[in-house]
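Here are the chains, one letter per residue:
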Amino acid sequence: MTQSPRDSIAAQLKRPAALTQAGLWAERLARCFWPLWTIIIAVLAVLAFGLQDFVPLPVVWASLAAALFTMIVTFWRGWRSFMRPSRQDALNRLDATLPGRPIATLADTQAIGATDPASQAVWAAHLARMARAAATARAVPPDLRLAKHDRFGLRYIALTALVMALMFGSVWRIASVTGLGPTQATAMNGPSWEGWVQPPPYTGKPALYLNDITQDTLEVATGSRVQLRFYGEVGALTLTQSVSAPAPLDADAPEAPTAHSFDIIQSGDITINGPSGRSWAITTSIDTPPSIFAKGALTREANGSLKLPFEAADDFGVTAGKAVIALDLAAIDRRYGLTAQPEATDPITLDLPLPISGQRTDFTETLLDDLSQHVFANLPVTITLSATDAAGQTGTAAPLHVTLPGKRFFDPLAAAVIEMRRDILWARTNAPRAVQIFNAITNRPEGLFSNEKAYLRLRVAQRRLESQQSDLTVEARDDLAKALWDIAVLIEEGDLNSARERLKRAQDRLNEAIRNGADPSEIDQLMQELRQAMDDYMRQLAEEAERNPNGQAADEQNSMDITGDQLQDMLKELQKLLEEGRMEEAAELMAMLQQLMENIQVTQGEGGQGGPGQQAMKNLGDTLRDQQDLSDDSFSELQNPGGQEGAQQQQPDVQGQDGQQDGAQGQQDGQQNGEGQADQPEKGQSENGQSEQGTGSQGQGQGQSLEQRQSDLRDRLNRLNGDMLPGAGTEQGEAGRSALDEAGRAMEDAERALGQGDMAGALDKQADAMRAMRDGMRSLNESMAQERRENGNNGQAEAVGRADPNSERDPLGREPGEGARIGSDRNLLQGDDVYRRAQDLLDEIRRRQGDQTRPDSERDYLKRLLELY
């Protein structure tokens, strides 16, 4: 007998329908009774935490009754809304998930055409198709989401509380409500007690439940807190202890208190007298103060920063550390400016860096800081290291008697300025002596100052100090100290645009460091500066040879050939001698190298004549020299208002040495002392006979005010800054034009300051204008060289020392068109020591992160950086 589609599909839907019906049971029970089980879980969490043990018993019973009543109400409401799911509900849910609702169709009967064979065949085919669709039915999962019913998430709050109670509480404490716990059972038969010992939080040790302690001897940390609670008849249990000072008497307190709380400060006994009493012999473990000491010698970094490694340890970890730096007056050589009684200066207090991650019980760190500008720099001091633990105990190391590191100035003039600055900070009574020294320094500045800006700023500072020396205030002293520091740094490091000046400065500083026995790190830094300065100088020599086709040939009999590779070999040999400590040989080689660089000349074969761009550059150089002359006259006016001519006759010609360099700088860095174009006369020759251009500039200034002369120079610069300048449309050319625009704005500011009588402000703006003009002329010269290389107009090759018209290499052994490169293709210089630089950066990050005065956000960011590296 053939089975009908209805009968076959009923067997297939049995399992999916049963699972779907079970899901309906779970879904409806959850929606109707979730408030009930939420209240049950919350009550269990409260009981597991043991909160019932800390409130009066009537409150406990009232709370339990309220909870029971709430559970009955929620159960009744859930029962009323609960509808038992039937099999038909399950089939309806299954049918809703299928297309065409095949299960409902299989339950239908044919309404018309039941006697028509054709109609019956169509109906049978329809039922077969619906049966196949119903056979694909799968159990529908229940929808247990209750968010729209529990909008505040109460069920999650209760469940979280229960989990926390099970983790930090005890299931057995639930029974204490019914009197089934051990403590309450004892309470029914007589008095009872509970006790806890809580060690200090910084120890990281857990609390002790005295009821569970079976031994009679306990070892706890000093400062642990003891809490005892007595139950039952008042006075049945009493406490006797000798581990803490007795509590002060309180007239309102009961004679036999039921709660006790005290800290353990010494070894002794704790005894509970009465029924079920206990006694313990308490031994305290002493928390020793932290220890700290310097692990190595105090050293100076290349930039003058101090570096002091130290080691600290503590039983439970160091929480803070300090380094106190105080002046060691007894060890100071009291001569010159230090003979005066020093003014009171507070010791320097630095926060010690602490480990970012890991334990602080035993660690090694390094203190890094730059105190070069402090009055204690380069003077004998005592450094006292101290560490503090969480208990507030402090451990102190033995004082270190050292000389506080600071920035070293190798230029004698810069060192003299720094010494006068120190004397003023030492005692303001040294101001008259400092004025005398500054007068001596600035009286005849020829050959002493290589930077006119430094000279002018020193003169301004000298005037300020001279006018206030009798009543110099602390604020004025500090302002002068800052200004003198900037001047000394400017003299030492320079604000030099000339490659030859940078090279000479690097040579002088290295020579001074070798004579004074500087640290290896300082010598290494000076060697890097010398290499960089020499590279720049040789590059500009080659570029100048390309731009100056009219240069004279060198004397072949007195010249020598040298390449960039040979110069680098000499530098390597010099560094090797320094590293081996052979200072005398290093000094001799340094002298040879310095003499060689002074005698280097660049010559070239025949070449073409200069074009409009070169003439425009020459006119810019003339404008720069006239601006320098105006700056000299402005300074004379600052010293002697209304007596400019007399001041010009008496004022030492500071620009006499630098004017030649600046004019040649306008044509190209590195052309000095009459080399190259030989059209830059020294200022000292102006009385006997200047060049035509120089005479013209002087004559132009006769009978005109300083303001009018500045206006004329600005107009000249604006006329020159046009299409006649080289490099139009190139990156270097646009950079040069932008620098000249900046020079024009500085001239305009200087003109305004001259009109207002602000000579000091005008001098600063004039110095800015000259600097911007040099920068612009350098960029324009580079643009011209680039154009020559691109057009193949390199002329004949250059040589250093001796010119060879047939040579195809420049002074550094490079092929034509490679003038922007340093040396040949062999023995290229290596870069900086990247590993040392990386370590310096990490040390600086650690120092800043350990600085407690910095914002928390910055310290957190630095902490994340250290965790990465």
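Since this is a predicted model, take the numbers as computed values, not measurements.

Caption draft 1: Structural view of the pattern of salt bridges. If you walk through the whole model with that rule in mind, you get 30 salt bridges. Salt-bridge contacts for Arg 31 lead to Glu 27; the nearest nitrogen and oxygen are separated by 3.4 Å. Placement of both Arg 31 and Glu 27 in helix α2 (residues 14-49) is noted, with a separation of four residues, approximately one turn of the helix. A salt bridge links Asp 143 to Arg 31; the shortest N-O distance between them is 3.4 Å. Separated by 112 residues along the polypeptide, Asp 143 in the loop between α6 (117-134) and α7 (154-168) and Arg 31 in helix α2 bring together distant segments of the chain. Given a relative accessible area of 29%, Arg 31 falls into the partly exposed group.

Caption draft 2: Layout of the sheet that holds strand β3 (residues 217-221). Taken in spatial order, the four strands line up as β3-β8-β7-β5 in an open sheet, and their pairing is mixed. The open sheet has two edge strands, β3 and β5 (238-241), and neither has a second partner. Neighbour to neighbour, the strand axes of the sheet diverge by 25 degrees on average, direction disregarded. As paired elements, strand β7 (residues 268-273) and strand β8 (residues 279-285) share four bridges and run antiparallel to each other. Considered in β8, the bridge of Ile 270 is made with Trp 280.

Caption draft 3: Just the environment of Asp 346, in detail. Looking at the element boundaries, Asp 346 is found in the loop between β12 (318-327) and β13 (348-351). When its relative accessible area of 65% is taken as the criterion, Asp 346 is described as exposed. Residues Asp 346 and Val 324, spaced 22 residues apart in sequence, show a C-alpha to C-alpha distance of 10.0 Å.

Caption draft 4: Molecular detail of the side chain of Asp 423. Secondary-structure assignment places Asp 423 in helix α9 (residues 412-426). Setting aside chain neighbours within four positions, we find Asp 423 in contact with Gly 337, Leu 338, Asn 430 and Arg 433.

Caption draft 5: Local environment of the pairing of strand β15 (residues 380-389). Within β15, eight of the 10 residues are buried, which leaves it mostly tucked inside the rest of the structure. Relative to β15, β12 runs antiparallel, the two sharing nine bridges. Counterpart to Lys 322 in the pairing with β15 is Ser 386. One ladder, built from four bridges, connects β15 with strand β17 (residues 400-403); its direction is antiparallel. Its bridge partner lying in β17, Pro 380 is registered against Thr 403. Pairing between β15 and strand β16 (residues 394-396): three bridges, direction antiparallel. Residue pairing for β16: Ala 387 is matched across the bridge by Gly 395.

Caption draft 6: Region of the structure containing the packing of aromatic side chains. Applying the stated criterion across every chain, the model contains 10 aromatic pairs. Seen from their ring centres, Tyr 202 and Phe 316 are 5.5 Å apart, and the 70 degrees between their planes marks the pair as edge-to-face. In this pair, Tyr 202 sits in the loop between β1 (192-198) and β2 (208-209) while Phe 316 sits in the loop between β11 (306-313) and β12, placing the two residues 114 residues apart along the sequence. Relative accessible area serves as the criterion here: at 26%, Tyr 202 is assigned to the partly exposed category. Aromatic pair Phe 409 and Trp 485: ring centres 5.5 Å apart, planes at 90 degrees, arrangement edge-to-face. Note that Phe 409 is positioned in the loop between β17 and α9 and Trp 485 in helix α12 (residues 474-493), a separation of 76 residues in sequence. The pair Phe 409 / Trp 485 is uniform in exposure class, with both members buried. Taken together, the ring pairs connect Trp 25, Phe 33, Phe 75, Trp 79 and Phe 82 into an aromatic cluster. Residue placement shows Lys 407 over the ring face of Phe 409; its charged tip is 5.7 Å from the ring centre.

Caption draft 7: The arrangement of the confidence of the model for the protein chain in detail. In the predicted model, the protein chain carries a mean pLDDT of 76, and the fraction of residues at 70 or more is 76%. This model gives residues 547-560 a pLDDT under 50, and the stretch forms 31 contacts once residues within four places in sequence are excluded. Low pLDDT, under 50, characterises residues 793-832; the predicted model gives this stretch 93 contacts beyond four residues in sequence or across chains.

Caption draft 8: Expanded view of a nonpolar patch on the surface. On the surface, Val 46, Phe 49, Leu 51, Leu 159, Val 163, Met 164, Met 167 and Phe 168 cluster together to form a nonpolar patch covering roughly 740 Å² of accessible area. Only α2 and α7 provide two or more residues apiece to the nonpolar patch. Examining the composition of the nonpolar patch, we find that five residues originate from one element, α7, more than from any other. Here Met 167 falls in the exposed class, since its relative accessible area comes to 56%.

Caption draft 9: Representation of the packing of α9 against α12. Close contact between α9 and α12 brings their axes to 8 Å; oriented N to C, the two are set at 165 degrees. As summarised for this structure, α9 and α12 are arranged roughly antiparallel, according to the angle between their axes. In the crossing of α9 with α12, the sense of the turn from one axis to the other is left-handed. In this structure, α9 contributes Leu 413, Ala 414, Val 417, Ile 418, Arg 421, Ile 424 and Leu 425 to the contact, and α12 contributes Arg 477, Asp 478, Ala 481, Leu 484, Trp 485, Ala 488, Ile 491 and Glu 492. By residue class, the composition of the contact of α9 with α12 is 11 nonpolar, no polar and four charged.

Caption draft 10: Representation of the nonpolar core. Grouped together as the largest cluster of nonpolar side chains are 31 residues, with contacts concentrated most on Phe 438, Leu 465, Leu 484 and Ile 491. With nine residues, the single largest contributor to this core is α12. Ignoring sequence-local partners within four residues, the contact set of Leu 484 consists of Val 417, Arg 421, Ile 424, Phe 438, Leu 458 and Ala 461.

Reading the values: the criteria
Residues numbered from 1 in each chain as written. Predicted model: local features only at pLDDT ≥ 70, side-chain atom pairs only at ≥ 80, totals over all residues. Heavy atoms only, no water. Salt bridge = Lys/Arg side-chain N within 4 Å of Asp/Glu carboxyl O. Helix = DSSP H or I, 4+ residues; strand = E, 2+ residues; numbered from the N terminus. Buried < 20%, exposed > 50% of the residue type's maximum accessible area, 1.4 Å probe, protein only. Pairing = 2+ DSSP bridges. Axes fitted to C-alpha atoms, helices over the stretch in contact; angles between N-to-C directions. Contact = heavy atoms within 4.5 Å. Phe/Tyr/Trp six-rings, centres within 6.5 Å; stacked < 30°, edge-to-face > 60°. Lys NZ or Arg CZ within 6 Å of the ring centre and 35° of its normal. pLDDT = per-residue confidence, 0-100. Patch = residues over 30% accessible without salt bridge, like charges linked within 9 Å, V, L, I, M, F, W, Y side chains within 5 Å. Areas by Shrake-Rupley, 256 points an atom, 1.4 Å probe, with all protein chains shown as cover. Parallel < 35°, antiparallel > 145°, perpendicular 65-115°, else oblique. Left-handed = near helix turned anticlockwise from the far one by under 90°. Nonpolar A, V, L, I, M, F, W, Y, C, P; charged D, E, K, R; others polar. Core = buried A, V, L, I, M, F, W, Y, C linked by side-chain atoms within 4.5 Å.

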